[in-house]
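Structure assessment
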Amino acid sequence: MNTKQIKKPRFYFNSQKSARASIYLLFIVGFILMIMAFTSYLSYENKGYITVPQKSGSIEIHGTDAMTTIYFYAGCSVLLFGLGLYFTFMYIRIQNAQKWSSDKIVPEECTPLKIICPACLKKQTVCASSENLCPKCSTQMEDQKTYFAKPENTPLETVIVNKASKAISGYEKFYSSLYPDFSELSVFLIGYTLILLFIFNLECRRETIELLLPSTKHAGTPSVLHICISLTASIVIVFGIITSFTHLLIASKKDAFSVFCMKIFGLTILGFIGFKSGFYVFENQNYLYIISPAWNLIMGAICYTGLAMIDEVPFNQDDSKYLQTFLSLVLVSIVFYFLNNVLKLYWPIIFSICINYVVCINKGAVNSKFLKLYSIQR
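These figures come from a predicted structure and were not determined experimentally.

The next point concerns the overall build of the chain. Along the chain, the regular secondary structure elements total eleven helices and seven strands. For the chain, the proportion of its 378 residues judged to be buried stands at 36%. When contacts within the chain are restricted to residue pairs at least 6 apart in sequence, those whose partners lie at least 24 apart make up 70%. Split by element, the accessible area of the chain, about 22,300 Å² in all, is 66% carbon and sulfur.

As structure tokens, then:
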């Protein structure tokens, strides 16, 4: 019997209902930002300034800062509309694929199903669907009730094991969602962004030199403490960038020292830039950019205090492929150019947004092709 192969696009939602809600929300927020950009532009043309609501009351923004805010509104609006159109296109393709398939490709609503991998015993809670492959070993996963109902799979000391597994899985699930994506590629991209800032941003170059070499700004010899801090920071930055770049060029398992250097570099930059950009936002009462520094601090706090040990901070040992590295460099360069040359933001805000892109978004962007297809049997 011949089976017709149905092509299904990559989908990022666990149900059609959540997809529709997300698409509507993206278009609504994008439309609101578009109106804000248009009204702000009219206000700037007529009055020479724009008004931005703040917690302490509305403030007036003049000159280049006003145009930067208008560009920010417009850029966010375009981004949200683009995402909305992309997800709409994927949703329509799911609907068309469903017409030719007897299986439920994406359910209307998510029905939670607890499954387990019979090979590596990895547990997950997913939506009931026809495709449940283990992310570790690509083995077809089974319903937990069906699996443990088999005599050979009945666990010993069931009550104790169940209680322990529930506590561990809940703990890991909470923290894993907040951990940054540290890998040789993400750490290198952080260093790459820092290099771009140092080369193309005069403020960053001047403040970095003043921070590491205080004698250039203040008379007198710097203290021993400051010399130690500057030397330590320089070593962390240099070793972090060099080790990540080295492992991009070679395909091998990262040794403990290299992983330690990359983790320390990533965590140091994450914490420092979170505080630096956060102070700038509060000092200037420009709360439009508070989300990025706050997310830096949350991720840094989770890494520092969540498990209290740097050895426990997850690090992806996978080697980055050439196309992933090339595409990542292109995307990060585009984000940097837009923030630095178009919006002309203060450098800690630029660095903060770029870091959040690298550790939260870039992995999904370079791992998924725009029209990635895979087969479904009818």
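The next subject is helix α1 (residues 16-47). With 32 residues, α1 extends 46 Å between its outermost C-alpha atoms, agreeing within 8% with the 46 Å of an ideal straight helix rising 1.5 Å per residue. Within α1 the residues assigned to the buried category are Gln16, Ala19, Ile23, Leu26, Gly30, Leu33, Ala37, Ser40 and Ser43. Taken from the residues just after α1, Gly48 is the one with a positive phi, measuring 90 degrees.

Between two packed helices, the angle of one axis relative to the other and the distance separating the axes together describe the packing. At a minimum axis separation of 8 Å, α1 and helix α2 (residues 63-99) run at an interaxial angle of 155 degrees. With respect to their mutual orientation, α1 and α2 come out roughly antiparallel. As for the relative orientation of α1 and α2, their crossing is left-handed in sense.

This paragraph deals with the pattern of salt bridges. Evaluation of the coordinates by the stated rule reveals one salt bridge. One salt bridge connects Lys276 with Glu207, and the closest N-O pair in it is separated by 3.4 Å. Of this pair, Lys276 sits in helix α8 (residues 256-284) while Glu207 sits in helix α6 (residues 202-212), placing them 69 residues apart in sequence.

The final tally for this structure, using the stated rule, is ten aromatic pairs. Relative to Phe257, the ring of Phe239 lies with its centre 6.2 Å away and its plane at 90 degrees, an arrangement referred to as edge-to-face. Remark: Phe257 occurs in helix α8 and Phe239 occurs in helix α7 (residues 224-249); sequence separation between them is 18 residues. Site record: aromatic cluster; members linked through ring pairs are Phe188, Tyr192 and Phe245.

A word on the environment of Leu85. Note on placement: Leu85 falls in helix α2. Sequence separation between Leu85 and Phe27 is 58 residues, and the spatial gap between their C-alpha atoms is 8.6 Å.

Taken together, Leu231, Ile235, Val238, Phe239, Ile242 and Phe257 make up a surface patch of nonpolar side chains, about 570 Å² in accessible area. In terms of residue count, the dominant contributor to the nonpolar patch is α7 (five residues). Here Ile242 is to be found in helix α7.

Once that is clear, we can look at α8. Relative to the 42 Å expected for 29 residues at 1.5 Å per residue, α8 spans 42 Å between its end C-alpha atoms, a close match to the ideal helical length. Between the side-chain oxygen of the N-cap and the backbone nitrogen of Phe257 there are 3.1 Å, and the N-cap of α8 in question is Asp255.

A few words on unusual backbone geometry. The phi dihedral of Lys344 falls on the positive side, at around 55 degrees, and the residue is not glycine. Here Lys344 is to be found in the loop between α10 (322-342) and α11 (347-367). Note on Lys344: relative accessible area 63%, which makes it exposed.

On to the environment of Ile116. Counting through the fold element by element, Ile116 comes out in strand β4 (residues 112-116). Sequence separation between Ile116 and Thr139 is 23 residues, and the spatial gap between their C-alpha atoms is 9.9 Å.

This part takes up the nonpolar core. Core analysis: the biggest nonpolar cluster contains 62 residues, and Ile190, Phe351 and Ile355 have the highest contact counts within it. Looking at this core element by element, the count peaks at ten residues for α2. Aside from chain neighbours lying at most four places away, what touches Ile190 is Phe265, Ile269, Phe351, Ile355, Val358 and Val359.

Interaxial distance between helix α5 (residues 184-200) and α8 falls to 10 Å at its minimum, and their mutual angle equals 50 degrees. It follows that α5 is oblique to α8 by the angle criterion. In the crossing of α5 with α8, the sense of the turn from one axis to the other is left-handed. Residues Glu184, Val187, Ile190 and Gly191 of α5 lie in contact with α8, whose contacting residues are Met262, Phe265 and Ile269. Tallied by class, residues from the contact of α5 with α8 come to five nonpolar, one polar and one charged.

For the chain, the mean per-residue pLDDT works out to 75, and 70% of the residues sit at or above 70. Across the chain, the secondary-structure element scoring lowest on mean pLDDT is strand β7 (residues 373-377), at 37, and the one scoring highest is α5, at 91. Low confidence marks residues 1-7, where pLDDT is under 50. Its contacts with residues over four positions away, or in another chain, come to 19 contacts. Note on residues 369-378: pLDDT is under 50 here. Beyond four places in sequence and across chains, it has 37 contacts.

Scoring rules and cut-offs
Residues numbered from 1 in each chain as written. Predicted model: local features only at pLDDT ≥ 70, side-chain atom pairs only at ≥ 80, totals over all residues. Heavy atoms only, no water. Helix = DSSP H or I, 4+ residues; strand = E, 2+ residues; numbered from the N terminus. Buried < 20%, exposed > 50% of the residue type's maximum accessible area, 1.4 Å probe, protein only. Contact = heavy atoms within 4.5 Å. Areas by Shrake-Rupley, 256 points an atom, 1.4 Å probe, with all protein chains shown as cover. Expected span 1.5 Å × (residues − 1). Axes fitted to C-alpha atoms, helices over the stretch in contact; angles between N-to-C directions. Parallel < 35°, antiparallel > 145°, perpendicular 65-115°, else oblique. Left-handed = near helix turned anticlockwise from the far one by under 90°. Salt bridge = Lys/Arg side-chain N within 4 Å of Asp/Glu carboxyl O. Phe/Tyr/Trp six-rings, centres within 6.5 Å; stacked < 30°, edge-to-face > 60°. Patch = residues over 30% accessible without salt bridge, like charges linked within 9 Å, V, L, I, M, F, W, Y side chains within 5 Å. Polar contact = N/O pair within 3.5 Å; in protein donor to acceptor, adjacent residues only side chain to side chain. Core = buried A, V, L, I, M, F, W, Y, C linked by side-chain atoms within 4.5 Å. Nonpolar A, V, L, I, M, F, W, Y, C, P; charged D, E, K, R; others polar. pLDDT = per-residue confidence, 0-100.

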